[in-house]
Every structure is written in C-alpha cells, then in structure tokens.
Amino acid sequence: MGKKVIVTGDRPTGRLHIGHYFGSLRKRVEMQNSGLYEPYILIADVQALTDNFNNPDKVHKNVREVAMDYLSCGIDPEKSTIYVQSMIPEVAELTVFYSNLVTIARLERNPTVKTEIAQKRDLFGESVTYGFLGYPVSQAADITAFEAELVPVGEDQLPLIEQCREIVRKFNSIYGDVLKEPEAILSDGKRIKGLDGNEKMGKSLGNAIYLSDSEEEITKKVMGAVTDPGRIKKDDLGNPDICMVSYYHKLFTNPDDYETVCNECKAGTRGCVACKKQLAHNIIEYLRPIREKRKYYEEHQEIVDKILMEGTLKAQKKAKETMRKIKKAMKLNYFE
Ligand code: SF4
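Trainee: Help me understand the packing of aromatic side chains in this model?
Mentor: The description of an aromatic ring pair rests on the distance of the ring centres and on the angle between the ring planes. For the structure on display, the rule yields 15 aromatic pairs. Ring plane angle 80° and centroid distance 5.6 Å describe the contact between F22 and F252, whose orientation is recorded as edge-to-face. With F22 in helix α1 (residues 18-34) and F252 in helix α12 (residues 244-252), this residue pair connects regions lying 230 residues apart in the sequence. Take F22 and F252: they sit in the same class, and that class is buried. Ring geometry for Y40 versus Y83: centroids 6.3 Å apart, planes at 70°, classification edge-to-face. Of this pair, Y40 sits in strand β2 (residues 37-43) while Y83 sits in strand β3 (residues 81-84), and the two are 43 residues apart along the sequence. Assessed through its relative accessible area of 0%, Y83 is described here as buried. If you follow R15 out to its NZ or CZ, it ends over the ring of Y210, 4.5 Å from the centre.

Trainee: Explain the side chain of N110 here, please?
Mentor: Position of N110 among the secondary structure elements: in the loop between α5 (104-109) and α6 (111-119). With a relative accessible area of 0%, N110 lands in the buried category. At 3.0 Å, the side chain of N110 forms a polar contact with the backbone nitrogen of T112. Once residues within four sequence positions are removed from consideration, N110 is found in contact with P136, P159, L160 and Q163.

Trainee: What is the right way to read the packing of helix α11 (residues 215-223) against helix α14 (residues 272-299) from this model?
Mentor: Two numbers describe a pair of packed helices, the interaxial angle and the distance between the axes. One way to put it is that α11 packs onto α14 with a least axis distance of 9 Å and a crossing angle of 145°. For α11 against α14, the interelement crossing comes out right-handed. Together, E215, I218, T219, V222 and M223 of α11 and V273, K276, K277, L279, A280, I283, I284, L287, R288 and R291 of α14 make up the contact between the two elements. Looking at the contact of α11 with α14, its residues break down into 9 nonpolar, 1 polar and 5 charged.

Trainee: What is the right way to look at the domain arrangement of the chain in this model?
Mentor: Domain boundaries assigned for the chain yield domain 1 (4-193 + 301-329) and domain 2 (213-295). Summing both partners gives a buried area of about 1200 Å² for domain 1 against domain 2, and 60% of it is carried by carbon and sulfur. Ranking the residues of domain 1 by area buried against domain 2 places I18, S72 and K193 at the top, with a combined share of 42%. Contributing elements (two or more residues each) for the side of domain 1 that touches domain 2: α1 and α3 (56-73). Split into classes, the residues belonging to the side of domain 1 that touches domain 2 amount to 7 nonpolar, 2 polar and 7 charged.

Conventions we followed
Each chain has its residues counted from 1, following the order in which its sequence is written. Per-residue local features are limited, in this predicted model, to residues with pLDDT of at least 70; the limit for side-chain atom pairs, both in listing and counting, is 80 or more; totals at the level of whole chains, interfaces and linings are taken over all residues. To get the side-chain values, all heavy atoms of the structure are used, and hydrogens and water are removed first. Each Phe, Tyr or Trp ring, with Trp reduced to its six-membered ring, pairs with another whose centre is within 6.5 Å; inter-plane angles below 30 degrees give stacked pairs, above 60 give edge-to-face pairs, and intermediate values give tilted ones. The helix count covers DSSP runs of H or I at least four residues long, the strand count covers runs of E at least two residues long, and both are numbered beginning at the N terminus. Buried residues are those whose accessible area, probed at 1.4 Å on protein chains only, stays under 20% of the maximum for their type, while exposed residues exceed 50% and partly exposed ones sit between those limits. By definition here, charges over rings are those cases where NZ of Lys or CZ of Arg is within 6 Å of the ring centre and within 35 degrees of the ring normal. Here a polar contact is taken to be a pair of N or O atoms separated by no more than 3.5 Å, where protein atoms must pair a possible hydrogen donor with a possible acceptor and residues adjacent in sequence count only if both atoms sit in side chains. What makes two residues a contact is simply this: any of their non-hydrogen atoms within 4.5 Å. Only C-alpha atoms enter the line fits that serve as axes; for helices the fit covers just the stretch in contact. Angles between N-to-C directions range over 0 to 180 degrees. When the near helix sits turned anticlockwise from the far one by under a right angle, the crossing is termed left-handed; a clockwise turn instead gives a right-handed crossing. Residue type decides the class: Asp, Glu, Lys and Arg count as charged, Ala, Val, Leu, Ile, Met, Phe, Trp, Tyr, Cys and Pro as nonpolar, and the leftover types, Gly among them, as polar. An automatic or database domain assignment provides the domain bounds reported here. Put simply, buried area is how much 1.4 Å-probe accessible surface two parts lose in total, over both of them, once they are put together.

Okay, structure coming up:
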C-alpha cells in the first residue's frame with residue numbers, strides 16, 4: 001500500500017512557540033518518521049495575508065522563521081515537502097473555481113469562520129473582507145491540489161475540513177469523479193495555555209515561549225509567569241492547581257520532581273522564585289537541541305532557502321498534475 005498524502009501547515013505571522021510544538025509539530029515529526037505518510041507542509045503566506053494584508057513585511061519575514069522552526073524541530077526535507085503557498089499558482093486558480101461551489105451563507109455559517117471573525121473585530125469592524133470569509137475555500141484548494149487523503153487538525157478546525165469535503169462532493173457531482181475527498185484526523189496534541197493563564201498562547205497576548213527564545217528570554221518570561229495569588233510569603237500554603245509555573249512543570253519536569261514541586265508548594269516549604277528558576281532551567285534544557293539546530297539554520301540561510309525552493313518546486317509539479325486533471329474535467333483544456 002502506498003503512503004497516504006497529508007497536507008498541513010502554518011500561517012507565517014510569527015515565530016512558532018511551544019504551543020505549536022506540543023499542539024501539532026511534535027505529531028507531524030512523528031507521522032513523518034513513521035514512513036506511512038507523504039507529508040506536504042505549506043507555509044501559508046497567502047492565507048496569512050487575509051488578516052495581515054496591510055503588513056506584507058511581517059508575512060514575508062516570517063516565512064523563513066517558520067521554515068527554520070520546522071527544520072529545528074525535526075521536520076526532515078527528505079521526508080516532508082515544505083513549500084511556500086503563494087508560489088503554487090494552481091492553488092489560487094483552484095480557489096477561484098471552487099468559489100462557484102460555495103454560497104456566502106454557507107461560509108457565514110461555518111463555526112470556525114464565525115469564531116475567527118469575532119476574534120478579528122479590531123481589524124474588520126462590522127464588515128469582514130471577501131478574502132477572509134472565503135479562506136475555507138482556499139484551504140480546500142490547498143488540500144485538494146495535492147490529492148491529500150488526510151488532514152491533521154485540532155477539533156476547532158473540523159468545520160473547515162467538512163467544508164472542503166462538501167466542495168469536493170459538489171465538484172465531483174458536476175464535473176466527474178476527479179477530486180479526492182480528504183478525511184480529518186484529530187491530532188492528539190495538547191493545547192498549551194499562556195504564561196498568564198490565558199487559554200491561548202500567542203504573540204499578541206505576550207504570553208508565549210518561542211522555540212527560538214534565548215536562555216535569558218526564557219528565564220525572564222518564566223519569572224513573570226502567573227502563580228497562586230494567595231501566596232505572599234514563602235511559608236504560605238500554596239495551591240499548585242492555580243499556578244502556571246506548576247502547569248509548565250508538568251510539561252517540562254520529570255514526574256517525580258513534579259510531585260515534589262506540588263507537595264512542597266502545598267506544604268509551604270517551596271519558594272516561588274526557586275520554583276520558577278528550576279522551571280526555567282528545565283525548559284532551557286528541553287529546548288536546547290531545537291535552539292542549537294535553529295542557530296545553525298540562522299547562520300546558514302542559504303540552506304533554508306534551498307530547502308524551501310526544492311520543496312516548492314516539488315509541490316508545483318504535483319499541483320500542476322492535479323490541475324491538468326481538473327481542467328480537463330471542467331472542459332478548460334483548450335488547445336491540448
Ligand atoms: Fe507556583 Fe511553585 Fe509558587 Fe507553588 S511554589 S505557587 S507551584 S511557583
């Protein structure tokens with residue numbers, strides 16, 4: 001049996017943080033190394049522009065940053081194809097074709113789109129752009145251009161895959177059985193809270209630890225993490241369940257030491273400063289191999305560019321093959 005094609009990716013709107021790592025990156029590396037899949041990993045710059053159209057420098061700069069994060073986490077260009085979305089014109093072309101198969105009302109009903117529009121009120125006010133409303137359509141193009149069979153997603157992204165499947169079914173019912181209907185696979189990644197206790201970790205919230213953060217930056221961020229507000233003095237009895245330092249110890253500290261953290265906190269025999277220093281040390285050590293690998297790529301940008309270029313060329317070839325079949329089915333194959 002052949003390898004199953006998977007399509008996944010990130011929007012280059014910032015460097016990747018530990019939330020991305022535990023949420024999806026680790027899983028992608030695992031899938032890549034299993035030998036069962038053929039991963040296409042897109043750096044979704046066109047999609048990033050849907051809500052950053054007024055900031056092209058940010059998107060441009062972060063394409064390389066995201067690529068370096070991928071490589072330093074173990075995405076292997078020999079096994080995974082990393083490519084830049086805007087350099088695959090077929091995806092834009094397909095988005096136009098698919099836009100005839102989706103109603104505006106259906107897009108407005110998509111729960112993921114609804115949530116995201118609500119989060120972007122500052123940018124869009126009461127009137128959202130056509131591009132942002134339609135991004136599930138371009139996502140369907142991303143997926144089907146590579147004939148993906150599987151799309152790893154978090155639960156909140158499931159409505160986007162359902163929308164893609166609807167487009168595929170509609171297309172096939174009109175033009176013939178050409179497109180593959182993809183399936184979502186729920187990634188079992190963890191959603192990591194921010195250092196401030198916010199459910200979401202993100203740049204705009206200032207509560208993230210980046211894979212590329214220096215030792216000093218990690219220490220400074222951890223020292224500012226939210227702790228049990230009831231603890232004023234060192235011997236106050238603490239509650240690790242409401243402390244973000246304890247929350248992160250659970251991720252980065254071995255289980256025995258984590259138990260000690262909790263017990264000493266509850267007994268009032270552990271100071272918050274020492275507790276934070278121990279956590280900062282553990283995070284620094286955990287991320288050390290990633291940081292060191294990233295430093296190598298930062299000093300060898302030409303290697304990153306070569307990987308992106310080769311991945312993009314391979315992706316272009318695949319998308320062209322799919323497009324040939326699609327245009328034939330749509331009777332847009334003039335002069336062939
Ligand atoms: Fe949090 Fe550690 Fe302070 Fe307890 S001792 S409140 S776990 S920082």
